[in-house]
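What follows is the residue order along each chain.
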Number of protein chains: 2
Amino acid sequence: MTNSILLLIQLTRNAYRRASEDVLGMKVKAYMLLQNLREGAMPQAELPGCMHLDANNTVLLLNDLESKGFVERRRDPADRRRHIVAITEAGTKALARADRVMASLEAEVFASLSPEEQATFRDLLARAVAAEPAAV
Amino acid sequence: MTNSILLLIQLTRNAYRRASEDVLGMKVKAYMLLQNLREGAMPQAELPGCMHLDANNTVLLLNDLESKGFVERRRDPADRRRHIVAITEAGTKALARADRVMASLEAEVFASLSPEEQATFRDLLARAVAAEPAAV
DNA sequence: TATTGTTATACTCTATAACTATA
DNA sequence: TATAGTTATAGAGTATAACAATA
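The following refers to the structure shown. Keep in mind it's a predicted model, so treat the numbers as computed, not measured.

Some remarks on the protein's contact with DNA strand D
- The immediate surroundings of DNA strand D are formed by 17 residues, with Lys29(A), Asn56(A), Gln44(B), Arg73(B) and His83(B) found nearest.
- Sugar and phosphate atoms constitute 65% of the interface atoms of DNA strand D, taking the interface as everything within 4 Å of the protein.
- Taking Gln44(B), its side chain carries an N or O atom lying 2.8 Å from a phosphate oxygen of DNA strand D.
- Of all the elements in the fold, those that place two or more residues in the surface near DNA strand D are helix 5 (55–67) and strand 3 (79–87) of chain A together with helix 5 (55–67) and strand 3 (79–87) of chain B.
- The residue inventory of the surface near DNA strand D, partitioned by class, reads 2 nonpolar, 5 polar and 10 charged.

Quick look at the structure:
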């Protein structure tokens, strides 16, 4: 049989396609970024580290999110080079909506597994991810 | 905790990065395509269906593989519009080498799981993939 | 001079549509 | 006219490097 990595790639492509911007209300990466802001604002410079994005990409993603009104960038008064990035109320709502969409996509993608199997899968997956260096 | 799809995306990105053209000897997609030819030649027109590629992309991939001498395209004498695509001896060798590389990447990516857990994970993953429509 | 954020650029991927040759 | 394959083209996505403002 084909190896796990190929299977992983296949399943992920499928999942990724389902999570289109139309259905999710934002790009998957934007969703990932917003998750980092859920607990509170953070300096823009820290976002790339969380997500394994480069600084450039972060700027482009933030431009997109800001144009939708989902985040705000504010100058840090203590160091005027820095931006503090915060999620807005609209962003919080969009994030909650995207959470629900992602949960239903998850149910679809893993429909062929029993709830116990899904839990097992998720647990093993989480452990494999935790052992890896961060990536988007 | 974050949902399974996000975890899936993270792990896959990581795995995908490791499987660079340098280390694998070919692109991941080329590897997937060659796997379809392992058992024997097939008409070019059937490859997109196997891999969820469009016809255009298939041509580009085959150009790449042919320039490396890994596949051959032969006109079908019965219908001169058609190409029969076959793996060459060099392609078979490159495929075997890539198989070994993929196996070792798999071991790395899932190093934090026990062999039994890896087997469980692969089994669940294979079932989730099998239930989905085909994708590259 | 170093750092934060931005812009510019280029390179790869992917998707669409037009074209050639065979049927 | 329809089909198999190809080529051309444009649009994302991603990565690199140059640039401006501030420290």
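Observations regarding the sheet that holds strand 3 of chain B
Residues and elements named next belong to chain B.
- Taken together, the 3 strands give an open sheet; going across it, the order is 1-3-2, and neighbouring strands pair in antiparallel fashion. Strands at the two margins of the open sheet, each flanked by one partner only, are strand 1 (42–43) and strand 2 (71–76).
- When strand 1 meets strand 3, the two strands line up antiparallel, connected through 2 bridges. Across the sheet, Met42 pairs through a bridge with Val85, a residue of strand 3.

Some words on the sheet that holds strand 1 (residues 42–43) of chain A
Residue and element names in this part refer to chain A.
- Spatially, the 3 strands line up as an open sheet ordered 1-3-2, and their pairing is antiparallel. Of all the strands in the sheet, the pair left with one neighbour each is strand 1 and strand 2 (71–76).
- Sheet topology note: the strand 2/strand 3 ladder contains 6 bridges and is antiparallel. Of the residues in strand 3, the one forming a bridge with Arg74 is Ile84.
- Sheet strands in contact with helix 3 (residues 28–37) are strand 1, strand 2 and strand 3, and its direction is about 100° off that of strand 3.

Some points on the packing of helix 1 (residues 4–18) of chain B against helix 6 (residues 89–109) of chain B
Residue and element names in this part refer to chain B.
- Where helix 1 contacts helix 6, the axes come no closer than 10 Å and their chain directions differ by 140°. Between helix 1 and helix 6, the interaxial angle falls into the category oblique. The handedness of the crossing between helix 1 and helix 6 comes out as right-handed. Along its contact with helix 1, which presents Leu11, Ala15 and Arg18, the element helix 6 presents Leu105, Glu108 and Val109.
- Looking at the contact of helix 1 with helix 6, its residues break down into 4 nonpolar, no polar and 2 charged.

Thoughts on the side chain of Gln44(B)
Residues and elements named next belong to chain B.
- Structurally, Gln44 is set in the loop between strand 1 and helix 4 (47–51).
- You can call Gln44 buried: its relative accessible area is 15%.
- Excluding residues within four positions of it along the chain, Gln44 makes contact with Thr58, Val59, Leu62, Arg73, His83 and Val85.

Description of the environment of His52(B)
- Within the secondary structure layout, His52(B) lies in the loop between helix 4 and helix 5.
- Linking His52(B) and Arg75(B), residues 23 residues apart in sequence, is a C-alpha distance of 23 Å.

Overview of the interface of chain B and chain A
- Taken residue by residue, the interface counts 49 residues in chain B and 49 residues in chain A.
- A salt bridge links Glu117(B) to Arg127(A), with the shortest nitrogen-to-oxygen separation between them at 2.8 Å.
- Counting every contact that joins chain B to chain A gives 13 residue pairs in polar contact (both at pLDDT 80 or more).
- Listing elements by their share of the side of chain B that touches chain A, those giving two or more residues are helix 1, helix 3 (28–37), helix 6 and helix 7 (115–131) of chain B.
- At 15 residues, the largest contribution of residues to the side of chain B that touches chain A is made by helix 1 of chain B.
- Of the residues that constitute the side of chain B that touches chain A, the class distribution is 29 nonpolar, 10 polar and 10 charged.

Here we look at the relation of the copies chain B and chain A
- Placing chain B over chain A gives an RMSD of 0.0 Å and needs a rotation angle of 180°, together with 0.0 Å of translation along the axis. Both copies are brought into coincidence by an operation consistent with a two-fold rotation axis. Distance from the rotation axis, computed per C-alpha, reaches its smallest value in chain B at Phe121(B): 3.1 Å.
- Of all interface residues in chain B, 100% are interface residues in chain A too; the two copies therefore contact each other through one and the same surface.

What counts, and where the lines are drawn
- Residues numbered from 1 in each chain as written.
- Chains lettered and ligands numbered in written order.
- Predicted model: local features only at pLDDT ≥ 70, side-chain atom pairs only at ≥ 80, totals over all residues.
- Heavy atoms only, no water.
- Near = heavy atom within 4 Å.
- Polar contact = N/O pair within 3.5 Å; in protein donor to acceptor, adjacent residues only side chain to side chain.
- Helix = DSSP H or I, 4+ residues; strand = E, 2+ residues; numbered from the N terminus.
- Nonpolar A, V, L, I, M, F, W, Y, C, P; charged D, E, K, R; others polar.
- Pairing = 2+ DSSP bridges.
- Contact = heavy atoms within 4.5 Å.
- Axes fitted to C-alpha atoms, helices over the stretch in contact; angles between N-to-C directions.
- Parallel < 35°, antiparallel > 145°, perpendicular 65-115°, else oblique.
- Left-handed = near helix turned anticlockwise from the far one by under 90°.
- Buried < 20%, exposed > 50% of the residue type's maximum accessible area, 1.4 Å probe, protein only.
- Salt bridge = Lys/Arg side-chain N within 4 Å of Asp/Glu carboxyl O.
- Least-squares fit on C-alpha atoms with pLDDT ≥ 70 in both.

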